[in-house]
Amino acid sequence: MKRKNNKEKLEDSDSIESQKSAVAEKLIMEELLNADDFNVLLKTIQEEFERTFGITTKEEEKEIE
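Attention in this report is confined to the structure presented alongside it.

Remarks on helix 2 (residues 35-53)
Taking 1.5 Å of rise per residue, 19 residues should cover 27 Å, and helix 2 covers 27 Å from first to last C-alpha, within 8% of that figure. If you check the start of helix 2, you find a side-chain oxygen 3.0 Å away from the backbone N of Asp-36, and it comes from Asn-34. Once helix 2 finishes, Gly-54 follows within two positions and takes phi at roughly 70 degrees, a positive value.

This is how it looks when you write it as structure tokens:
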């Protein structure tokens, strides 16, 4: 497994944030969401749930093991 350097991590972070922004804009504009949009939305909800309640999701538990 290849480790990402700081530049790649930053680019990934920027990409994720732009995807989240695009989904939020679609929701505000009441546009139809596609499967990728729902995946971004689901991931965002999972992250916020973890941040709010400090409870790991099943996917994160698998990564820990």
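That shown, we press on.
Some words on the pattern of salt bridges
Tallied over the full model, the rule gives four salt bridges. When the shortest N-O distance is used, the salt bridge between Lys-20 and Glu-47 registers 2.8 Å. Taken together, the positions of Lys-20 in helix 1 (residues 6-28) and Glu-47 in helix 2 put the pair 27 residues apart, joining distant regions of the chain. Using a relative accessible area of 27% as the deciding quantity, one classes Glu-47 as partly exposed. As a salt-bridge pair, Asp-37 and Lys-26 come within 2.8 Å of each other at their nearest N and O atoms. Of the two residues, Asp-37 sits in helix 2 while Lys-26 sits in helix 1, which places them eleven residues apart along the sequence.

Examining the packing of aromatic side chains
Counted according to the given criterion, the structure contains one aromatic pair. Ring plane angle 50 degrees and centroid distance 4.8 Å describe the contact between Phe-49 and Phe-53, whose orientation is recorded as tilted. Placement of both Phe-49 and Phe-53 in helix 2 is noted, with a separation of four residues, approximately one turn of the helix. Taking the relative accessible area as the measure of exposure, Phe-49 reaches 39% and is therefore partly exposed. Owing to a relative accessible area of 52%, Phe-53 belongs among the exposed residues under this scheme.

What to know about unusual backbone geometry
Phi angles above zero are rare outside glycine, and Glu-30 is one such case at about 55 degrees. Structurally, the position occupied by Glu-30 is in the loop between helix 1 and helix 2.

Cut-offs used in this document
Residues numbered from 1 in each chain as written. Predicted model: local features only at pLDDT ≥ 70, side-chain atom pairs only at ≥ 80, totals over all residues. Heavy atoms only, no water. Helix = DSSP H or I, 4+ residues; strand = E, 2+ residues; numbered from the N terminus. Expected span 1.5 Å × (residues − 1). Polar contact = N/O pair within 3.5 Å; in protein donor to acceptor, adjacent residues only side chain to side chain. Salt bridge = Lys/Arg side-chain N within 4 Å of Asp/Glu carboxyl O. Buried < 20%, exposed > 50% of the residue type's maximum accessible area, 1.4 Å probe, protein only. Phe/Tyr/Trp six-rings, centres within 6.5 Å; stacked < 30°, edge-to-face > 60°.

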